[in-house]
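# Summary of structural features
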Amino acid sequence: MKQADVERMIEKWTEGGVINAEQAHLMLHDLKTTTSEQSGKKLVTILSLVGAAVLTAGVLLVIASNWSFLGKPVQLLLAVLLPVVPLSIAYYIAEVRQSTSILSRVANIFGIGLIGGALSLIGQIYNLESGYQTLMLLWFVLSLPFVFVYKRPENFGVSAILAGLAIFTWILKFFGSWWSDAQSLTITLTVVLLVYCLALYVIGVSLRNSAVWGSGARVLRLLSASVGTVTLFITTFEFYARVVTDSGYRDAGWIPLSIILNVLFISFLVFVLIQAVKHQEERLVYSVVRMMFIYLLVKYFTLFSTMLDTGILFILGGILFIAGAWLLEKNKHHLLMLVKADERPVTSTPGEPQLENTNLKDHE
């Protein structure tokens, strides 16, 4: 719910006599203050994380440009100290000083990013031929303990992404060449990515109500929705169905599979939309709606030449969209009850007046 919606609700309560003018003034003041603080924190977090990523790339490039001029002892010392120093600083600020400064988060991400650089440098020093598959796997394994140390959402996201990249690279290594067996590789990648997406979602749902892991679980759920959307969106194209069915240009055996995959993609979007509405993920709702619009626009231009297939696809898609809207409307009272059940009662500290008939949550 947006700030303007909450303000209108407070005005409605005031007009209906639920709260008085003084209470409404205090609520509006607290709402504006909280919204401004949350917006500022999000902007600072985004800028700091982007800065940490850019800083990591810059440091690695500077070292790589002067790598040949450094001796073996200096190279080894740099490789070891690269991640150790920023991670130690992050631990000192966050755990020893118990500070919530943005510097600890920057040092945290900076150090985890440098783990990959340190592994690459060590591999060059000792001429290891382990390959990027082992690099990604070790990078993920070494980043995982910091999820439990800091318990921050960015650690969840980085480790989950590294795990996905490690799985992806090992699959490519197993098949050797990208085009050696395109059909088997395509099917394997699709299945593995969907299993990976499901695993992220299951972990994210199981930790949803955890006071410690709740924010990290939300990152996993959002990442799951993103990976699943991209993967299933790729499967809706004609080339994917042709590769999987090994159909030639004049063959029509790919059409039934393509229709099934398109229906599966639409069903997935409807499922994500329902979950987003149920749990008040407003931005995710807008993202799903935008993805639906992009999908329909792309399919209109890519399938317009075959009007029968396009017509069948749009009929099925329209039915699913309408069914999803009907289910949301039919169960809106049940969803509202679930939302209210998840709300925590407002408690007041001693000496402060307690407002009756109000239960505000944090709003963006």
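For the structure itself, look to the data block above.
As a starting point, this report considers the structure included with it. Treat the numbers as computed from the prediction; the structure is a model and nothing was measured. (Residues numbered from 1 in each chain as written. Predicted model: local features only at pLDDT ≥ 70, side-chain atom pairs only at ≥ 80, totals over all residues. Heavy atoms only, no water.)

Moving on: the nonpolar core. Of all hydrophobic cores here, the largest spans 17 residues; its most connected members are Phe265, Leu269, Val272, Leu284, Val288 and Met292. Listed by contribution, the elements that provide at least two residues to this core are α9 (214-235), α11 (254-278) and α12 (282-303). With eight residues, α11 is the largest single contributor of residues to this core. Leaving out residues up to four positions away in the same chain, valine 272 has contacts with Ala225, Leu284 and Val288. Grouped together as the second largest cluster of nonpolar side chains are twelve residues, Leu87, Ile115, Met136 and Ala166 included. (Core = buried A, V, L, I, M, F, W, Y, C linked by side-chain atoms within 4.5 Å. Buried < 20%, exposed > 50% of the residue type's maximum accessible area, 1.4 Å probe, protein only. Helix = DSSP H or I, 4+ residues; strand = E, 2+ residues; numbered from the N terminus. Contact = heavy atoms within 4.5 Å.)

Let's shift gears to the packing of aromatic side chains. Under the counting rule described, the total for this entry stands at nine aromatic pairs. Between phenylalanine 146 and tyrosine 150, the aromatic rings sit 6.1 Å apart at their centres with planes inclined by 10°, giving stacked as the arrangement. Highlighted residues: phenylalanine 146 and tyrosine 150, both in helix α6 (residues 145-150), separated by four residues, approximately one helical turn. As far as burial versus exposure is concerned, phenylalanine 146 and tyrosine 150 are alike and both buried. Taking 5.2 Å as the distance between ring centres and 85° as the angle between the ring planes, the aromatic pair formed by phenylalanine 233 and phenylalanine 237 counts as edge-to-face. When its relative accessible area of 15% is taken as the criterion, phenylalanine 233 is described as buried. An aromatic cluster of three or more residues is present, and its members are Phe233, Phe237, Phe239, Phe265 and Tyr295. (Phe/Tyr/Trp six-rings, centres within 6.5 Å; stacked < 30°, edge-to-face > 60°.)

On to the packing of helix α10 (residues 238-245) against α11. Two elements in contact, α10 and α11, have axes separated by 9 Å at closest approach and are oriented at 125°. Judged by the angle between their axes, α10 and α11 are oblique. Of the two possible hands of crossing, α10 and α11 adopt the one that is right-handed. Contacts between α10 and α11 involve Glu238, Tyr240, Ala241, Arg242, Val244 and Thr245 from the former and Trp254, Leu257, Ser258 and Leu261 from the latter. Per-class residue counts for the contact of α10 with α11 are six nonpolar, two polar and two charged. (Axes fitted to C-alpha atoms, helices over the stretch in contact; angles between N-to-C directions. Parallel < 35°, antiparallel > 145°, perpendicular 65-115°, else oblique. Left-handed = near helix turned anticlockwise from the far one by under 90°. Nonpolar A, V, L, I, M, F, W, Y, C, P; charged D, E, K, R; others polar.)

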